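Structural characterization, general
Take a look at the letters that make up each chain.
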Amino acid sequence: MGHNVFGLFIWLSTIAHVSGYGSGLVTVACTSMTPRHGTTSPQTSEAPYRVSASTSSFSPGDQITVTLAGNSTQFKGFLLQAHSEPGGDIVGTFSVTGTSAQTLTCNGTSDSAVSHTNPSDKDTISVMWTAPAQYRNVRFRATFVQTRAVYWVGVQSPLLIVVNSSATTVPTSFTSVSSSNSSPSTQDASTPSTQESSTASSYPTLPPTPISGASCGVQKVCFTSPSDCDPSTKSSCFFMSSAPANGGGYWFEISGPSSGYVAIGFSDDTIMGNDDIYICGMNSAGNVRIQRAYSVGRSRPQIVSLGDAAVSLISYNNGVIQCSFITRNNISTQSPLRSSSNLYYVFIAHGDASDGQIRYHGTTGTFISESKIDPSVASNVTGGASKTHIMIKAHGALMLVAWMTTGSLGMICARYLKVTAKQLVLGKALWFQAHFLLMFLTVAATITSFVLAFVKANGWSYGANAHAIIGCIVMILAFFQPFIAFFRPSPQNSRRFIFNWFHGLNALVMKVLAVANLFLGLQFIDSALGWLVKVMGGFVGWEALTYIILEINGRLMERDMKKNLDISEKTQRPVRHEVFLLIIYLCGNLTFLVALLVGIGSS
């Protein structure tokens, strides 16, 4: 009888224990966040679940939505907490709606964790977290249970940076910001690990004063506009500094008048694209945050993980944005032709922001160093407003004139005006003289444009992108075209047709590649205007229509010739159809050209 009673007691205890976990009452796991599922261990593979927050920065007392979701994989149970960094303390309080989640009391604090209420399959869970009063960064951590034997512990959200509403610096040493998704230690969360302590202490403690230019050229690199800018005494100037940090990495400071953002970038050239960028700007809630980005061409930079960084100061006072932080990320321009030197051009850009998204800064919102600098070697960097756009605009304008107007007219003269313009001028037919002059201008403009772009981009430092490669091909073909024409055989030569085919085919390939490259070039700046590519598309349609009409007219003329009509009599007419078509085409051509040149000039 005693044995039966003891067995019944053990059975009832087991049922209560298991049903308790199914109901989500897992306060026994508050410290380790590990389910008590017998002898099974957490999964070590990447979790098919994610933890995300509705913002990347917050102020004490803010309410933030936290979401747990699966990557097309459901989960049955979960445990969610907010941990301070450094320290790993459980911080803040949660509130829930609906019947799938409930708050728990962990370490004696009510509503400090959230868990499931039943073991049914779940796609997403969203809860509200209220930030604590203490001034520390936070990362959310969660345990996901797929089955009793399959679960993941310590799935982390990106770090949330606390923003001090009074715009003072963090009163302690730097807080390490890591993008790692590794599981947290199972030690007591209230005791910082040795690794955390050593990481924090390896960063220098910044003085609790505003960003200053006092040690520029002595202890840090400074790039300013104007050159006498000191943000500790002037509010209407732009400032960035860089200095080596203890333990590796860089200590960056950014300051400037803006209601949107001020950003710094590191590049292999003075042209936007393939740049490593740090943005000090406003988010959608009106708080300052630091973001890391990478630019591709002229489009909006792509936001990437902040990585291993540490924030000291983020503030917005009297219209001035300031950020101070340390990063141990390597500067990466991702250029395939990047040299191993630690030298970069430095950019400062500023502009507006809308709903947390930075907007185009324009050429007046960019300052570029005159030469490459080493961010770890103290110096005073000179530079100013970007002049690169002048060279690039000249490059684009020359290519447009060459391949929209002079090149097109030269090809039309050679193909469709041999009968109409056969009068002799200086011993050669008028159509030939016009063709020669127009194509000479086309080749000259192409080579000049190529040299401008190549010299301003410092050779291949911009990278072997499609626009550059196609441009080189066009330049090479254009360079050899006049030499091919110079050695052409006489019209009576039996092999003249070989030259005609080769010369015409080479011109056609140049034309097609040049027009395609114009589209690629216009895309670099069209993100700011939005209509240049469309105008270029309209021009291509206009030119195609003209060629079709001219070709039909030419075929009709050949048909008349085959009928033995008096062509000499026809040519005595004061004006032929080709001339009317050429005038109409030229009017449309110039309209498209002027529109594109105005667009480039105002971009």
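Figured I'd write up the structure that's included with this text. (Residues numbered from 1 in each chain as written. Predicted model: local features only at pLDDT ≥ 70, side-chain atom pairs only at ≥ 80, totals over all residues. Heavy atoms only, no water.)

Within the protein chain, the regular secondary structure consists of nine helices and 29 strands. Taken over 603 residues, the protein chain has a buried fraction of 45%. Sequence-distant contacts in the protein chain: of pairs separated by 6 or more residues, those separated by 24 or more amount to 66%. In the structure as shown, the protein chain presents an accessible area of about 29300 Å², 61% of it carried by carbon and sulfur atoms. (Helix = DSSP H or I, 4+ residues; strand = E, 2+ residues; numbered from the N terminus. Buried < 20%, exposed > 50% of the residue type's maximum accessible area, 1.4 Å probe, protein only. Contact = heavy atoms within 4.5 Å. Areas by Shrake-Rupley, 256 points an atom, 1.4 Å probe, with all protein chains shown as cover.)

What follows concerns the pairing of strand β25 (residues 366-369). Burial along β25 is two-sided: T366 and I368 facing one way and F367 and S369 facing the other are all buried. With three bridges connecting them, strand β22 (residues 345-351) and β25 associate as antiparallel partners. Counted as the bridge partner of I348 is F367 from β25. (Pairing = 2+ DSSP bridges.)

Time to look at the nonpolar core. Membership of the largest hydrophobic core comes to 35 residues, with the highest contact counts inside it found for L400, W403, M404, W431, L518, M536 and L596. Residue assignment for this core shows that the elements contributing at least two residues are α3 (388-416), α4 (430-456), α5 (466-486), α6 (496-529), α7 (532-562) and α9 (577-602). The greatest single-element share of this core, amounting to ten residues, is contributed by α3. Residues in contact with L518, not counting those within four places in the same chain, are M399, L400, W403, M404 and M536. (Core = buried A, V, L, I, M, F, W, Y, C linked by side-chain atoms within 4.5 Å.)

What follows concerns the pattern of salt bridges. Scanning the model with the defined rule gives nine salt bridges in all. With its nearest N and O atoms 2.9 Å apart, the salt bridge here joins R415 to E551. Here R415, found in helix α3, pairs with E551, found in helix α7; they are 136 residues apart in sequence, far enough to count as distant. Between E551 and R555 there is a salt bridge, and its shortest N-O distance comes to 3.4 Å. Taken together, the residues span about one helical turn, with E551 and R555 both in helix α7 at a distance of four residues. One continuous salt-bridge network, built from bridges that share partners, spans E85, R139 and R141. (Salt bridge = Lys/Arg side-chain N within 4 Å of Asp/Glu carboxyl O.)

A grouping of F436, L437, F440 and L441 is seen on the molecular surface, where their side chains present a nonpolar patch of about 420 Å² in accessible area. With respect to the helices and strands, L437 occurs in helix α4. (Patch = residues over 30% accessible without salt bridge, like charges linked within 9 Å, V, L, I, M, F, W, Y side chains within 5 Å.)

Counted residue by residue, strand β15 (residues 250-257) has seven buried out of eight residues, so it is predominantly covered. The pairing of strand β14 (residues 238-244) with β15 spans six bridges and is classified as antiparallel. Following the sheet pairing, P244 is matched in β15 by Y250. Connecting β14 to the antiparallel partner β15 that follows it, the hairpin turn spans five residues, and G247 within it adopts a positive phi of roughly 85°. As judged from the eight bridges shared by β15 and strand β21 (residues 320-327), these two strands associate in the antiparallel manner. Bridge pairing in β21 links S255 to Q322.

Take the environment of T31 next. Take T31: it is sitting in the loop between α1 (2-22) and β1 (49-53). Placed 58 residues apart in sequence, T31 and D89 show a C-alpha to C-alpha distance of 9.9 Å.

With that settled, the discussion passes to the sheet that holds strand β3 (residues 63-70). Consider a sheet: its strands pair through backbone hydrogen bonds, and that pairing is either parallel or antiparallel. Strand order in the open sheet formed by four strands is β1-β3-β8-β5, with antiparallel pairing between adjacent strands. With partners counted over all chains shown, the strands left at the sheet margins are β1 and β5 (93-95), one partner each. Within the sheet, the average angular offset between the axes of one strand and its neighbour, ignoring direction, is 30°. Two strands pair when backbone bridges link them, and β3 and strand β8 (residues 124-130) are joined in this way by seven bridges, in the antiparallel orientation. Bridge pairing links I64 to W129 in β8. (Axes fitted to C-alpha atoms, helices over the stretch in contact; angles between N-to-C directions.)

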